[in-house]
Amino acid sequence: MDRFALSFPKTGLKTLLAMALLLGAGAGLAVSDADRVQAYKDFRGAFDARNYAAALPLAEQLVSLTEQQLGPADKALINPLTNLGTVNFRLANHDPAEAAFKRALAIAEASASAGADPALIMPLHGLGEVLLATKRYDAAIVALDRAVALTRNLKGLYDASQLAILPSLIECYSAIQNFALAEQQQQYAFRIAETAYGRDDQRLLGPLDRYARWYEFMGRYTTARVLHARGLQIAEKDGGQTSLRAVRPLRGLARTYRLEYIYGPEETAPDPTQRSDAAGNNPSSGRLNPDGEKALQIAIATLNKQQPDGHQELGETLIDLGDWYLIAGVTSRSNDIYRLAWKQLSLAGLANQVEVPKVLSYRATPSSTLRMRPEKPAEFDTRTVETRLTIDVDGRVREAVSTASDAPEASVKAVLAALKRARYRPRIDASGAVETRDLPYTEKVYVRKPADAAPPGKKS
């Protein structure tokens, strides 16, 4: 029984509630600026502590207090609604997050002057993030592109606040495989960072890493390596060769060598849809460049010396080295490294990161929606091939079977053949690499529509 209820007779409690409702009817008198300020402080305390579950009711309270004091359409609601949307987004509550951002946007648009109000930017950015998270890429592009355009118009072409928005816009363009626009935005984002921070500033390390990873994704490994090397020079400028900031570019350098070995050099792999089928053997190079292994060993030594309690980063860097040896075919050595990595990740509470095999090299079928979008997608249907894989301790796909599919038999066979050529990092536990059975994998493929189903004016 509720002890609070015991302290009041039932009739007395009803009377108190009735009085509270009557007092609340004078909305403007019920809430003061001080109430809202305190509610915001409480919210920020929970939010900044990343206790989003606790922050959610506080964000809802702040919206409610603002509505009571100022009305349901006041411009002062934009920020509380945006905060509410952000908390819901962090909790993966996508529907209420979208509703909050849309309401904030509607209020901002109603009060905007000629559609160019800074208050529009944050709700647009938030809405774009929700649409991206729910894979509505075209709609996300509209919201994010508008947020970027407003930022440039109101704050300047190279305003650094765009750097919070552009990565998501780039991700959207990549998801719909418009790589030309994705690269254009990636280049612009880097110019913004360089303009804002300078060519040799430590703050450029993050943008350099993102830019380099973009080129890795596009199969331009030499170009990516140049950017990682530049990041390494910046990191070492102040901290020397044992700077912790050098770890990320060192890992990047090693990764470019490994990917180049798997998929071939830059001139033969201009984009991610044209990669080689090779899984650990690149005939153009013959062997892995030992500079990559050295880079990882330096990074690991740096972490052990400078940050001995940095279990997560050390574990992840050890995983890189284990992957290196696996692809090189030295599986006994990779297994030893994987065991060390598991221990570090376990100390960080992140052993779950390696509990599921991860693909290290794979070329999807030519009709895969993940790799090869047709020039005229309206002439194709999207079909699904669901499979179950057995990954052995060496990361090879020992068995691949189709469990369900609505694709033609030829497409199913092509998917299974591609999967059998793939190479995975195996599942890892305290003992090292472990065989995995019944690993689910789903591939999407394009299937041309029948001639009579094609859009008017189109021919199959």
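Before going into details, it helps to say that this report is about the structure given with it. From a predicted model like this one, the values you see are computed outputs, not experimental measurements.

Two elements in contact, helix α6 (residues 78-90) and helix α7 (residues 94-111), have axes separated by 8 Å at closest approach and are oriented at 160°. When the axes of α6 and α7 are compared, the pair comes out roughly antiparallel. Two packed elements cross with a definite hand, and for α6 against α7 that hand is left-handed. Counted together, I78, L81, T82, L84, G85, T86, N88 and F89 of α6 and H94, P96, A97, A100, F101, R103, A104, I107 and A108 of α7 form the full contact between these two elements. Grouping the constituent residues of the contact of α6 with α7 by class yields eleven nonpolar, five polar and one charged.

Turning next to the sheet that holds strand β2 (residues 380-391). The sheet built from three strands is open, its strands ordered β3-β2-β7 with antiparallel pairing. Each end of this open sheet is capped by a strand with a single partner; those strands are β3 (397-405) and β7 (436-448). The average angle at which neighbouring strand axes cross in this sheet is 30°, direction not considered. Relative to β7, β2 runs antiparallel, the two being bridged by eleven bridges. Paired with R388 across the bridge in β7 is P440. Relative to β3, helix α18 (residues 409-420) is tilted by about 155°, and along the sheet it contacts β2, β3 and β7.

Another aspect to go through is helix α17 (residues 331-347). If you check α17, its first and last C-alpha atoms are 24 Å apart, about what 17 residues at 1.5 Å a residue would give, namely 24 Å. For α17, the set of buried residues is S334, N335, I337, Y338, A341, Q344 and L345. Buried residues in α17 make contact with α16 (311-328), β4 (423-425), β5 (427-429) and β6 (432-434). Where α17 ends, the next residue or the one after it, G349, has phi of about 75°, a positive value.

The rules behind these values
Residues numbered from 1 in each chain as written. Predicted model: local features only at pLDDT ≥ 70, side-chain atom pairs only at ≥ 80, totals over all residues. Heavy atoms only, no water. Axes fitted to C-alpha atoms, helices over the stretch in contact; angles between N-to-C directions. Helix = DSSP H or I, 4+ residues; strand = E, 2+ residues; numbered from the N terminus. Parallel < 35°, antiparallel > 145°, perpendicular 65-115°, else oblique. Left-handed = near helix turned anticlockwise from the far one by under 90°. Contact = heavy atoms within 4.5 Å. Nonpolar A, V, L, I, M, F, W, Y, C, P; charged D, E, K, R; others polar. Pairing = 2+ DSSP bridges. Expected span 1.5 Å × (residues − 1). Buried < 20%, exposed > 50% of the residue type's maximum accessible area, 1.4 Å probe, protein only.

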